[in-house]
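Here's the letter readout for the chains.
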Amino acid sequence: RKLLEETPQITLTMPWKKARKYIKEDPRYKHFSDSDHRREAEYDKYLRDRMIEAKNEFRALLRETKILTYKSYDMTKESDKHERDVVDVLKNDQRYLVLECVADERDLMLWEYIRDLHEKGPPPPPTA
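Described below are features of the structure shown in this document. The numbering scheme is per chain: residues are counted from 1 as the chain's sequence reads. The predicted nature of this model means local features are confined to residues of pLDDT at least 70 and side-chain atom pairs, given and counted, to a pLDDT of 80 or more, with totals for whole chains, interfaces and linings taken over all residues. Only hydrogens and water are set aside when side-chain values are computed; all heavy atoms of the structure are taken into account.

### What to know about the packing of aromatic side chains
Here's step 1: The rule is short: rings of Phe, Tyr and Trp, with Trp giving its six-membered ring, pair when the centres are within 6.5 Å, and they are stacked under 30 degrees, edge-to-face over 60, tilted in between. Going through the model one piece at a time under the given rule, you end up with 3 aromatic pairs.
Here's step 2: As a reminder, the over-ring test applies to NZ of lysine and CZ of arginine, requiring each to be within 6 Å of the ring centre and within 35 degrees of the ring normal. The positively charged end of Arg38 is found above the aromatic ring belonging to Phe32, 4.9 Å away from the centroid.
Here's step 3: One Lys or Arg, Arg39, reaches over the ring of Tyr29 and ends 4.1 Å from the middle of that ring.

Dropping the structure here:
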């Protein structure tokens, strides 16, 4: 896994045959297993785990983004400006950029989050 994590060319959707080209000369690749099927299975598991982690990190980013509020849904319906402002803020963070290979899914997650904020309404007032 460390070898895969240390290879920046590997994306969350890269097929095994392409990823193998980047790592096959590393001694850790040869020492892991003699079976290419086992290597591929481990790679697939790594990608699944990494995708789950990346999505969770993106959700955390959305929660941390102060420009996203319960008003965001209505603001995006009125004008594209708020949506552009949100994306401009998010695209400065690696947790947004790492999901570029699944941009449609990332955008859907963003819209679901905005809709959820809208449905929940304003937060309760702080208590003294």
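### Digging into empty space enclosed by the protein
Here's step 1: Think of a 1 Å grid over the protein atoms and nothing else: a 1.4 Å probe that fits but is trapped marks a cavity, an open set flanked by protein within 12 Å on at least five of seven lines marks a pocket, and residues with an atom within 4 Å of a point count as lining. Grid points are joined across faces, edges and corners, and a volume is the space filled by probe spheres set on the points. Per the stated rule, a full pass over the model turns up 1 cavity of 30 Å³ or more.
Here's step 2: Computed from the structure, the largest cavity encloses a volume of approximately 30 Å³.
Here's step 3: Looking at the largest cavity, the residues that line it are Thr76, Glu83, Val86, Val87, Leu110, Trp111 and Ile114.
Here's step 4: Broken down by secondary-structure element, the contributors of at least two residues to the lining of the largest cavity are helix 6 (80-90) and helix 8 (103-120).
Here's step 5: Here the residues of the lining of the largest cavity sort into 5 nonpolar, 1 polar and 1 charged. Note on conventions: DSSP H or I runs of at least 4 residues are helices, E runs of at least 2 residues are strands, and numbering of each starts at the N terminus. Note on residue categories: nonpolar means Ala, Val, Leu, Ile, Met, Phe, Trp, Tyr, Cys or Pro, charged means Asp, Glu, Lys or Arg, and polar means any other residue, Gly included.

### Quick word on helix 6
Here's step 1: The complete set of buried residues in helix 6 reads His82, Val86 and Leu90. Buried residues of helix 6 fall within an arc of 70 degrees about the axis and therefore sit on the same side.
Here's step 2: Contacts from the buried residues of helix 6 go to helix 4 (36-64), helix 5 (72-78), helix 7 (94-97) and helix 8.
Here's step 3: The term polar contact refers here to a pair of N or O atoms within 3.5 Å; inside protein, the definition further demands a hydrogen-donor-capable atom paired with an acceptor-capable atom, and it admits residues adjacent in sequence only when both atoms are side-chain atoms. Structurally, the start of helix 6 carries an N-cap: the backbone nitrogen of Lys81 is 3.0 Å from a side-chain oxygen of Ser79. Each residue gets one of three labels from its accessible area relative to the maximum for its type: buried under 20%, exposed over 50%, partly exposed in between, using a 1.4 Å probe on protein chains only. The arc in question is the one spanned by the directions pointing from the helix axis to the C-beta atoms. Here, residues are in contact when the closest pair of their heavy atoms is within 4.5 Å.

### Looking at the environment of Lys77
Here's step 1: As for its position among the elements, Lys77 is in helix 5.
Here's step 2: Spatially, the C-alpha atoms of Lys77 and Lys24 are 49 Å apart, while their sequence positions differ by 53 residues.

### Concerning the side chain of Thr65
Here's step 1: Mapped onto the elements, Thr65 comes out in the loop between helix 4 and helix 5.
Here's step 2: Polar side-chain contacts of Thr65 include one of 2.6 Å to the backbone oxygen of Leu61.
Here's step 3: Those residues within four positions of Thr65 in sequence are excluded, and the remaining contacts are Val89 and Leu90.

### Things to note about the pattern of salt bridges
Here's step 1: Salt bridge, as applied in this entry: a Lys or Arg side-chain nitrogen positioned within 4 Å of an Asp or Glu carboxyl oxygen. Applying the stated criterion to the full structure yields 15 salt bridges.
Here's step 2: For the salt bridge of Glu64 with Arg95, the shortest nitrogen-to-oxygen distance reads 2.9 Å. Of this pair, Glu64 sits in helix 4 while Arg95 sits in helix 7, and the two are 31 residues apart along the sequence.
Here's step 3: Residue classification places Glu64 among the partly exposed positions, given a relative accessible area of 45%.
Here's step 4: Residues Glu100 and Arg106 are paired through a salt bridge, measuring 3.0 Å at the closest nitrogen-oxygen approach.
Here's step 5: Classification of Glu100 as partly exposed rests on a relative accessible area of 47%.
Here's step 6: Taking relative accessible area as the criterion, Arg106 reaches 4% and is therefore assigned buried.
Here's step 7: What emerges from the salt-bridge pattern is a single network uniting Lys2, Glu6, Asp26 and Arg28.

Nothing here speaks to function; it is all geometry.
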